[in-house]
Amino acid sequence: MSLVGARVVRKEDPNLISGKGQFVEDVRLSETVCMAFVATNDAHGRILSIDAREALTIPGVLGVWTAHDFTDHPDLPQGMEGFERPVLARDKVMWAGEPVAVVVAEDQYAAADGAAAVALDIEPLPAVTDVEAATSPDAPRLFEHHGSNIITAVPTNDDLERELQRSSGRATLELRNQRCVAAPIETMSVLADWKPGGLTLWASVQAPHHLRNQLAAWLDLPQTSCRVIAPDVGGGFGSKIVWYPELFIAPLLSKWLGRPVKFTQTRSEAMLQMAHGRDQSHRIDVGFRDDGTINALRLVVSQNLGAYPDPTGLGLPVLTTWMAAGCYRIPHVSVSHRTVVTNTTPVAAYRGAGRPEAAYAVERVVDLVAKRTGLDPTEVRRRNFIPPERFPYEVPHQPAVVYDSGDFAGALDECLRLFDYEGLKAERQLRRDRGSGKLLGIGFSSWLEIGGFGPNGSLEGFGHLGSWESAQVRVQPDGTAVVFTGASAHGQGHETTYAQIAADALGIAFEDVKVVHGDTDTVLQGVGTMGSRGVTTAGVGVHNAALLVLERAKKIAAHLLEANPADIEVNNSAFNVRGTPGRTVAWSDVAWASYQPLSLPEELTAGALEERLYQETPNFTYPSGCYACVVEVDPDTGAVDILRYVVVDDCGTVINPLLAEGQVHGGVAQGIAQALTEVVAYDEFGSNVTATFMDYGILTAADLPDYTAGRISTTCPNNPLGAKGIGESGAVGAPPAVVNAVVDALDPFGVDHLDMPLTPQRIWRAMHAPARPPEGTAP
C-alpha cells in the first residue's frame, strides 16, 4: 500500500506533547548571559540622548550598547537602498516599540531592570500610522531625503474606463484588509555562542541557511565558521523570515563578552517588534452584464509598509495584483499599486502574504455583482469560473502567472453537497419575512492562491529566497534511511511527510526513515520553509533523490540475485525478481553490500546508496477551493455566531490527509479571527493600543466552529508528486466566506459592505445607520 495519501500519525508528536521538545529557550549553556532591548514609547522623534548611567549601577548588568557601538557593521541585510533599517534606532525613532539600546546582564531579570533604567530623551515629531495620513500633502516624511512617504508606485497597466462604461452594470468598492499580528506561540528567541572556532546561533527562524548566509556576510565570517541551528520552532507564519536586530546583535555581544548571549521576547515585545501582516487598502471598479458575467475589473492597492520597507513587505501588493482576478475568467483587468511607509511596526509576509488580500477583494466583488443583478452568488461564480479545459491558463493581465490546473465548479459542487443550501435559503427568507429574531446569512468563497515559492526568483520581495531546495537521501548499512532537507519545519510535520515520501519511493518501512533538518552544519545548503513550498519543492526533491537511490539499489539487488536490474521489484523492505516472489534479498542486505566494494556491480562504488540534489521548480503551484459559512447575527447586539463552516480544498495530491486537515483547520482559524476580531490599532499619537492579548482579538478553540471538510483533487502537472501545497489555504479562503455571510445577513438593512473585523459594535452601527438609497458605490 502506498504511503503517499496515508493518514500517518506525526513522528514529531510524542516529543512535543510530552514536553520533551527542544526550543531555543530550552538550550542551556554554561555562563550564559541575557539580553534585553530598550524600546521607545514614541512613534516618531529625534534621539537627543541615551543615558545608561543608572542602568550600569544595577547588580548583574554587564553593559549597555547603542547604535553608535555598531558603526563598524552595516544596517540589517537586504533593505531597500536608501531605506535600510539600522540594527538599533539611529538619530531617529520610527515607531513605538523600536529598539534603541540593548542591555546585557547575568540573568533576564537584571537585564529587564537595566533596560527599564535607561533614560531616553526623544524630541517628538508628528506621526502617521495609515496610508491616508502618510500620503497627505502636509504629512511628516519618515525619510527626509525622499520626496514623500510613497516608496514604490506601479501605475495601472491599462485604462479600463472604456470597458467599464460599456458594461450594463458598474459598481465601486473600497475596502481595507486590516493589519494583523502573526502571534506564533513561540516569540523570537536566539542564543549566540561565539567561540574561537566560530559562531553557533540557535534561532527560532523559518530559514536557517538563509540566515547563515546573511549573518556570515554581515559579520565578515566564512560560512564554515557560522553555524545556525533552528531547533523545534513554535510557529512562524512568515514572521520568522524577517531580519530582526537580535539575530545580528546577539552574536556580536557574545564575541565581545566571551560568553553565550540569549534573548527571548516577551509577548508584548513580540506584538510591537515582530513583523505585522496585511494592512492593504483597495479601490475596486467592476463592470458586469445583466447575466452576471464580469467583463472588467480594476484594482488599485495601497500597501502600508510600516516604518521600513521589508523585502517581503514590498512583495505583498505584487502578489495581490497578480491574483486580482482569482479563479474567474475576466477579459479586462487593470491593476496598480503603491507602497507607503508609516510610523508603525514594519509589515512583512503573514500566512498567505498577498493572496488572502486578493481573494478577499475579488470574492467581495462577486457578491456585490450578485446583489446588483439579483442573481444567486453561486450562479455568478459559475458563470465566471475558468473552465477546466482552459488549463494551463495564462492570466491576461499578468502573463508571468500561469495557473497549472483546477476545477473551480467542481469544488463549488462538492461544497454545496456538504450542506443544505436550499433549505438554509428558505430558512433565511422565513426569518426575514418574520422580521424578528436572529438574522441568518450564507457566504461563499471560491478562492485561488499561489504556492510553491518561488520559480526563477522572479517575484519582487521573495525572489531573493531562492527557487530551489536541497534534498539528500542516504541508506545506512542496516537498511534504514536518513533524509536531509534544507526545508525547516515550524509546525508543518516535515519529519512525517518527507519520511512518507522517501519510504514510499524506496520501499523502506516508514518507521525506518529519519528526517534531519534545521542545522546548517548537518544540512549543507537550503532555502527554508515559506510560501507553501514544503512538499512542492523540498518534498519533490526527496522523492527524486530517493528514486535515484532506488535505481542503484536495484542494480545491487540484481547483482546479488543474479538477475536483470529491469526485472527487480521492491516490496515490504525486500527486493525480488518480478514473477518469482520467492527469490528475495532484504533491503538490509542490499544496504550492507553497498558498503562492500567486492559485493558491488562494476559501475558502482562504496556508498552508492546516497544522493544529494538541488530541486528546482519550473512554475508556481495554484491551490484552490471553495468554503461556505453560515452565520447568525443578533440584531440586538451585533454578535455573530457561526453555525456551519464547510471547507473544500484542492491541493493536488495529498501526502498525508491528517496533516493536510490540520493545516486547513489552523489557517481557517486565523482567517475567521481576522474576519471577526483581530486588528492592530493605533491611537492619535502612534501608540499600538492592541499590544497584549487582553486587547488583541485572538480566538481560542472554544470560539471556533466545527468544520465539515471535503476535498477534490486536480493534480499539478509540474511536479512528479502532483502536489500543490496547503499550508496557507485556510487563511486565504476563510475571511471572504465569513464576511460574505455576515453581509448577506445584513441585506435587509441595505448593507453592501463592512470592513473587517466584523465586531459586534461595527455590525450594530451598520444596522442602525440611517437608510441610504441603493447606488453603484458600496459604502
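Because the structure is predicted, anything quoted here is derived from the model rather than measured. (Residues numbered from 1 in each chain as written. Predicted model: local features only at pLDDT ≥ 70, side-chain atom pairs only at ≥ 80, totals over all residues. Heavy atoms only, no water.)

Peer 1: Would you explain the overall build of the protein in this entry?
Peer 2: Secondary structure summary: the protein contains 19 helices and 28 strands in total. Relative to the compact-globule value of 28 Å for 779 residues, the protein shows a C-alpha radius of gyration of 28 Å, a close match. For the protein, the C-alpha atoms occupy an extent of roughly 90 × 75 × 45 Å along the three principal directions. The buried share among the 779 residues of the protein stands at 61%. When contacts within the protein are restricted to residue pairs at least 6 apart in sequence, those whose partners lie at least 24 apart make up 79%. Approximately 29,100 Å² of the protein is accessible, and the part contributed by carbon and sulfur atoms is 50%. Across the protein, the centroid of the 61 positively charged side chains sits 3 Å from that of the 94 negatively charged ones. (Helix = DSSP H or I, 4+ residues; strand = E, 2+ residues; numbered from the N terminus. Rg over C-alpha atoms; globule rule 2.2 N^0.38 Å. Buried < 20%, exposed > 50% of the residue type's maximum accessible area, 1.4 Å probe, protein only. Contact = heavy atoms within 4.5 Å. Areas by Shrake-Rupley, 256 points an atom, 1.4 Å probe, with all protein chains shown as cover. Lys, Arg positive; Asp, Glu negative; His and termini not counted. Charge placed at Lys NZ, Arg CZ, Asp CG, Glu CD.)

Peer 1: How should I be thinking about the nonpolar core in this particular structure?
Peer 2: What tends to happen in soluble globular proteins is that the nonpolar side chains get buried as a cluster. With 100 residues, the main nonpolar core has Met 323, Tyr 403, Phe 419, Tyr 645, Val 668, Ile 672 and Leu 746 as its most contacted residues. The greatest single-element share of this core, amounting to ten residues, is contributed by helix 10 (residues 355-373). Once residues lying within four places of it in the same chain are set aside, the contact partners of Ile 672 are Ile 642, Tyr 645, Leu 699, Leu 704, Pro 705, Tyr 707, Ala 734 and Val 738. With 49 residues, the next largest nonpolar core counts Ile 501, Ala 545, Val 549 and Ile 655 among its residues. (Core = buried A, V, L, I, M, F, W, Y, C linked by side-chain atoms within 4.5 Å.)

Peer 1: How should I be thinking about the confidence of the model for the protein in this particular structure?
Peer 2: In low-pLDDT segments, the atomic positions of the prediction should not be examined closely. Mean pLDDT over the protein stands at 95; residues scoring 70 or higher make up 97%. Low pLDDT, under 50, characterises residues 774-779; the stretch is placed with 16 contacts to residues that sit more than four places away or in other chains. (pLDDT = per-residue confidence, 0-100.)

Peer 1: What's the story with the sheet that holds strand 26 (residues 624-633) in this structure? I'm lost.
Peer 2: Backbone-to-backbone hydrogen bonds pair the strands of a sheet. The strands run either parallel or antiparallel. Strands sit in the order 18-26-27-28 across an open sheet of four strands; the sheet is mixed. The open sheet has two edge strands, strand 18 (439-448) and strand 28 (708-711), and neither has a second partner. Here the average twist between neighbouring strands, direction ignored, is 15°. Note that strand 18 and strand 26 share ten bridges and pair antiparallel. Looking at strand 26, one finds that Gly 441 is bridged to Val 631. Here helix 12 (residues 408-417) sits on the sheet in contact with strand 18, strand 26, strand 27 (640-650) and strand 28, set at roughly 35° to strand 26. (Pairing = 2+ DSSP bridges. Axes fitted to C-alpha atoms, helices over the stretch in contact; angles between N-to-C directions.)

Peer 1: Mind showing me how you'd approach the packing of aromatic side chains here?
Peer 2: For any two aromatic rings, the description comes down to two numbers: the centre-to-centre distance and the angle of the planes. Using the criterion set out here, one finds 21 aromatic pairs in the structure. Summarising the aromatic geometry, the rings of Phe 83 and Phe 143 are spaced 5.0 Å apart at their centres and angled 85° between planes, so their arrangement reads as edge-to-face. Of this pair, Phe 83 sits in the loop between strand 3 (61-66) and strand 4 (92-93) while Phe 143 is found in the loop between helix 4 (131-134) and strand 7 (150-154), placing the two residues 60 residues apart along the sequence. Phe 143 carries the same exposure label as Phe 83, and that label is buried. Here the aromatic rings of Trp 447 and Tyr 627 are separated by 5.5 Å at their centres, their planes lie at 65°, and the arrangement is edge-to-face. On the criterion of sequence distance, the pair formed by Trp 447 in strand 18 and Tyr 627 in strand 26 is long-range, its members being 180 residues apart. An aromatic cluster is defined as three or more aromatic residues linked by ring pairs; in this entry it consists of Tyr 328, Phe 385, Phe 391 and Phe 408. (Phe/Tyr/Trp six-rings, centres within 6.5 Å; stacked < 30°, edge-to-face > 60°.)

Peer 1: Looking at this structure, I do not really get unusual backbone geometry. What am I missing?
Peer 2: Residues apart from glycine generally show negative phi values, whereas peptide bonds are mostly found in trans. Going from Phe 391 to Pro 392, the amide bond is cis rather than trans, its omega being -5°. Structurally, Pro 392 is set in the loop between helix 11 (377-384) and strand 16 (393-394). Positioned with a positive phi, Gln 78 is a non-glycine residue whose angle comes to about 60°. One can find Gln 78 in the loop between strand 3 and strand 4. Residues other than glycine seldom take positive phi values, yet Arg 278 does so here, at roughly 65°. Position of Arg 278 relative to the elements: it lies in strand 13 (residues 276-288).

Peer 1: Just checking my understanding: could you explain the pairing of strand 2 (residues 45-51) for this structure?
Peer 2: Two faces make up the sheet, and in a regular strand the side chains alternate between them. As paired strands, strand 2 and strand 4 are joined by two bridges and run antiparallel to one another. The residue of strand 4 that forms the bridge with Gly 45 is Val 93. In this sheet, strand 6 (residues 119-124) lies alongside strand 2 in antiparallel orientation, the contact comprising six bridges. Looking at strand 6, one finds that Asp 51 is bridged to Ala 119.

Peer 1: Honestly, the sheet that holds strand 3 in this entry has me stumped. Any pointers?
Peer 2: Spatial ordering of the open sheet is given by 3-5-1-12-9-10-11, a layout of seven strands whose pairing is mixed. Each edge of the sheet is formed by a strand with only one pairing partner; in this case those strands are strand 3 and strand 11 (226-229). When the angles between neighbouring strand axes are averaged without regard to direction, this sheet yields 20°. Note: strand 1 (residues 33-39) against strand 5 (residues 99-105), six bridges, orientation antiparallel. By the bridge assignment, Ala 36 is partnered in strand 5 with Val 103. The strands that helix 3 (residues 108-117) touches are strand 1, strand 3 and strand 5; relative to strand 1, the one it contacts most, it runs at about 25°. Contacts between helix 7 (residues 246-257) and the sheet are confined to strand 1, strand 3, strand 5, strand 9 (189-195), strand 10 (198-203) and strand 12 (261-264), with strand 9 contributing the most and set at about 35° to the helix.

Peer 1: What is the right way to look at helix 7 in this model?
Peer 2: Along an α-helix, residues three or four positions apart point the same way, because every turn accommodates 3.6 residues. Given a rise of 1.5 Å per residue, twelve residues ought to cover 16 Å, and the 16 Å separating the end C-alpha atoms of helix 7 matches this to within 8%. Of all twelve residues in helix 7, nine are buried, a share of seventy percent or more. Gly 258 sits one or two residues past helix 7 and shows a positive phi near 70°. (Expected span 1.5 Å × (residues − 1).)

Peer 1: What is the right way to look at the side chain of Thr 152 in this model?
Peer 2: Looking at the secondary structure, you find Thr 152 in strand 7. Of the residues examined, Thr 152 reaches a relative accessible area of 16% and is grouped as buried.

Peer 1: I keep staring at the pairing of strand 1 and nothing clicks. Help me out?
Peer 2: Buried residues dominate strand 1, accounting for six of its seven residues. Relative to strand 12, strand 1 runs parallel, the two sharing two bridges. Paired with Cys 34 across the bridge in strand 12 is Lys 262.

Peer 1: How do you make sense of the environment of Tyr 682 when you look at a structure like this?
Peer 2: Structurally, the position occupied by Tyr 682 is in the loop between helix 17 (657-676) and strand 28. Tyr 682 sits 34 residues away from Cys 716 along the chain, and the two C-alpha atoms are 43 Å apart. Every residue in contact with Tyr 682, bar those within four places of it in the chain, is listed here: Thr 129, Arg 179, His 276, Thr 344, Thr 345, Ser 687, Asn 688 and Val 689. A polar contact is formed between the side chain of Tyr 682 and the backbone nitrogen of Thr 345, at a distance of 3.5 Å. (Polar contact = N/O pair within 3.5 Å; in protein donor to acceptor, adjacent residues only side chain to side chain.)

Peer 1: Please clarify how helix 17 should be interpreted in this entry.
Peer 2: Here helix 17 contains 20 residues, and its C-alpha end-to-end distance of 28 Å stays within 8% of the 28 Å for a straight helix at 1.5 Å per residue. Burial within helix 17 is extensive, with 15 of its 20 residues counted as buried.

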